[in-house]
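# Examining the three-dimensional arrangement
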Amino acid sequence: MIAVDRTRTIAGGGLTICLLLALASSVGAATGPALTAGAARPEIGFTHSTRISGALSGSPGGDGGIAVQVSAAAYPYRSFTPVGTARTAADGSYFLPVSPDRNTQYRADVSGPASAESPVATVTVDEAVSEQVRYPPTGGAAISIVSRHPRDLRWGGRRVYWYLAGGSAASLPRVSTSTSSESRPGITRLQTTVPVPVGRFHFAACFNAPGQAAMGPATAHPACNPDRFAPVKGPPYAGSGVGPPAYPDAASIAAARSYLSGRAGVTAFAVVDSHGNESGAHTGRRFLSASVVKAMLLVAYLRHLHGQHRSLSSPDKAILYSMIHVSDNNAATAIWQRVGDGALRRLARLAGMKRFSVNGFWLTTQITAADQARYFYEMDSLIPPEFRGYARSLLSHITGSQSWGIPAAARPRRWHVFFKGGWLPFSAHLVNQIARLERPHERIAIAVLTEGDPSMTYGEQTIQGVAERLLRGGP
């Protein structure tokens, strides 16, 4: 019994010693140095700054005046490197300004007798992204997104998926693809031009490239779905716009149609609106072109020069000026003799004309309002670039005595007018005019063809009346 009691006493004493040692250890832990660290702003924009701050407590010699070393590990967080040192205030607090250029983890350390290490604090760095939506005269929306980021992240040459829908769609269907480009290292540009609905629309873009996880939160760069885009929280490449209505509107076109139906003779008109859509009355009816075909002769001859790698000579300029500025027929015949019917037919095919006809002489040309409106609407793309400014100048500075009809209706409304008229005074009067109208963010084309007018003045009034009704109201 005595031996058993001694064993219990020794065992009990051992238990007591263990408890005392554990208690002493926990007390020491509670009173030992502790260091915290955190970011004043845990998410910042590219080129912005924040502060890593925290406090030291439990230092045996006091918490003030202690050197705190702050280290950083930039994405992909492989190792920590010292970025600065701060000294604690009397209450143990410290801070250090930092300007990370990508997602970065920070840690604070105190060495020496009061050694301590803080938990890791993460700063998320968002790309500097800007969006711009323009509505070019060609229609649709030109969307540009620019991302600014560290220079070593090379994101050019990547396939970009574009998504767009009107209203408040739950997801956006893909509408286009493009390729990202680099203006210079550190600047990635995404661009596209796409049709847009009238009214509010939303768009997004997506591309995948190495190192994208270095910027922004984890949800910022999802894997691109080639078909649809489901909005996520804070996607970096997204925005909205307001698609403008087509101009002229349906009511204006109906008014022009009604007006024309009450005019004498055989008539037709076509308008290609600011969205590139065509409408009108009797748009496929054929008429003799008279001098309006001179606008096609001009472009056919400029294409002829381009094909021969020739520039415009002074004699070229003189004859083209006479043909367009004062509608000289001899000049038109001289140009036609150089290019022939074949060049006019090729140009008509390029312009997408469906009922164009010429056979043996330029005055025999037959045209439709639809073909001519489309031709003037697309004319810039048919003129060789080196001659485009010259042709536009000729077609916008025709002599004042021939600037009746569409120019008379459009210029007071601040349209820039490129046009050509034609008339045949013998027999039943034929009066035609085609014009391309431009102003900021808009481009339209109008063709009005008349035959059997009581007089040329009557035909001019018919053309102006149609144009005034199409152009009434604002864009």
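First things first, this report covers the structure right here in the doc. (Residues numbered from 1 in each chain as written. Predicted model: local features only at pLDDT ≥ 70, side-chain atom pairs only at ≥ 80, totals over all residues. Heavy atoms only, no water.)

## Focus on the packing of helix 3 (residues 294-307) against helix 7 (residues 385-396)
Where helix 3 meets helix 7, the closest approach of the two axes is 11 Å, and the angle between their N-to-C directions is 160°. Relative to helix 7, the element helix 3 lies roughly antiparallel. In this structure, helix 3 crosses over helix 7, and the sense of that crossing is right-handed. Across the interface between the two elements, Ala295, Leu298, Leu302, Leu305 and His306 from helix 3 touch Glu386, Phe387, Tyr390, Ala391, Leu394 and Leu395 from helix 7. For the contact of helix 3 with helix 7, a count of residues per class yields 9 nonpolar, 1 polar and 1 charged. (Axes fitted to C-alpha atoms, helices over the stretch in contact; angles between N-to-C directions. Helix = DSSP H or I, 4+ residues; strand = E, 2+ residues; numbered from the N terminus. Parallel < 35°, antiparallel > 145°, perpendicular 65-115°, else oblique. Left-handed = near helix turned anticlockwise from the far one by under 90°. Contact = heavy atoms within 4.5 Å. Nonpolar A, V, L, I, M, F, W, Y, C, P; charged D, E, K, R; others polar.)

## Observations concerning the sheet that holds strand 24 (residues 416-424)
Across the sheet, 5 strands lie side by side as 21-20-26-25-24; this open sheet has antiparallel pairing. Every interior strand has two partners, whereas the edge strands, strand 21 (278-281) and strand 24, have only one. Going across the sheet, the axis of each strand differs from the next one's by a mean of 10°, ignoring polarity. As paired strands, strand 20 (residues 266-272) and strand 21 are joined by 4 bridges and run antiparallel to one another. The residue bridging Ala270 from the neighbouring strand is Gly280, located in strand 21. (Pairing = 2+ DSSP bridges.)

## With respect to the state of the cysteines
Inspection of every chain in the model, using the stated rule, returns 1 disulfide. Here Cys206 engages in a disulfide with Cys224; their sulfurs sit 2.1 Å apart. Here Cys206 and Cys224 share a disulfide; its torsion about the S-S bond, -90°, makes the bridge left-handed. With Cys206 in strand 17 (residues 199-206) and Cys224 in the loop between strand 17 and strand 18 (228-229), this pair connects stretches of sequence that are 18 residues apart. By relative accessible area, Cys224 is classed as buried at 17%. (Disulfide = S-S within 2.5 Å. Buried < 20%, exposed > 50% of the residue type's maximum accessible area, 1.4 Å probe, protein only.)

## Examining helix 7
With 12 residues, helix 7 extends 17 Å from end C-alpha to end C-alpha; this agrees with the ideal 16 Å at 1.5 Å per step. The set of residues buried in helix 7 consists of Phe387, Ala391, Leu394, Leu395 and Ser396. For helix 7, the elements touching its buried residues are helix 3, helix 4 (314-325), helix 6 (369-382) and strand 24. (Expected span 1.5 Å × (residues − 1).)

## Some remarks on the environment of His221
If you trace the backbone, His221 turns up in the loop between strand 17 and strand 18. On the basis of relative accessibility, which here comes to 16%, the residue His221 falls in the buried class. Remark: the alpha-carbon pair of His221 and Cys206, spanning 15 residues in sequence, is separated by 7.6 Å. Setting aside chain neighbours within four positions, we find His221 in contact with Glu127, Gln212, Met215, Pro236 and Tyr237. A distance of 2.7 Å separates polar atoms of two side chains, one belonging to His221 and the other to Glu127. (Polar contact = N/O pair within 3.5 Å; in protein donor to acceptor, adjacent residues only side chain to side chain.)

## Structural notes on the sheet that holds strand 19 (residues 238-243)
Hydrogen bonds between backbone atoms are what pair the strands of a sheet, whose relative direction is either parallel or antiparallel. Reading across from one edge, 18-14-13-17-19 is the order of the 5 strands in this open sheet, with antiparallel pairing throughout. Of all the strands in the sheet, just strand 18 and strand 19 have a single pairing partner and so form its edges.

## Quick notes on the pairing of strand 13 (residues 159-166)
Counting buried residues in strand 13 gives 6 out of 8 residues, a clear majority hidden from the surface. Here strand 13 hands over to strand 14 (residues 172-179) after 5 residues, with Gly167 in that stretch at a positive phi of 65°. Note that strand 13 and strand 17 share 6 bridges and pair antiparallel. Across the sheet, the residue bridging to Leu164 is Phe203, located in strand 17.

## Overview of the nonpolar core
Counting residues in hydrophobic clusters, the biggest one holds 80 residues, and the most contacted among them are Phe269, Leu320, Tyr375 and Leu437. In terms of residue count, helix 5 (residues 329-350) provides more of this core than any other element does, 10 residues in total. What Tyr375 contacts, discounting residues up to four positions off in sequence, is Ala295, Met296, Val299, Leu347, Ala351, Met353 and Leu382. Leu56, Tyr135, Trp155 and Met215 belong to the second largest nonpolar core, which has 38 residues in total. (Core = buried A, V, L, I, M, F, W, Y, C linked by side-chain atoms within 4.5 Å.)

## With respect to the packing of helix 3 against helix 4
Relative to each other, helix 3 and helix 4 sit at 160°, their axes nearing to 10 Å. Compared by their axis directions, helix 3 and helix 4 come out roughly antiparallel. Taken as a pair, helix 3 and helix 4 cross one another with a handedness that is left-handed. Contacts between helix 3 and helix 4 involve Lys294, Ala295, Leu297, Leu298, Tyr301, Leu302 and Leu305 on the former and, on the latter, Asp316, Leu320, Met323 and Ile324. Taken together, the residues that form the contact of helix 3 with helix 4 break down as 9 nonpolar, no polar and 2 charged.

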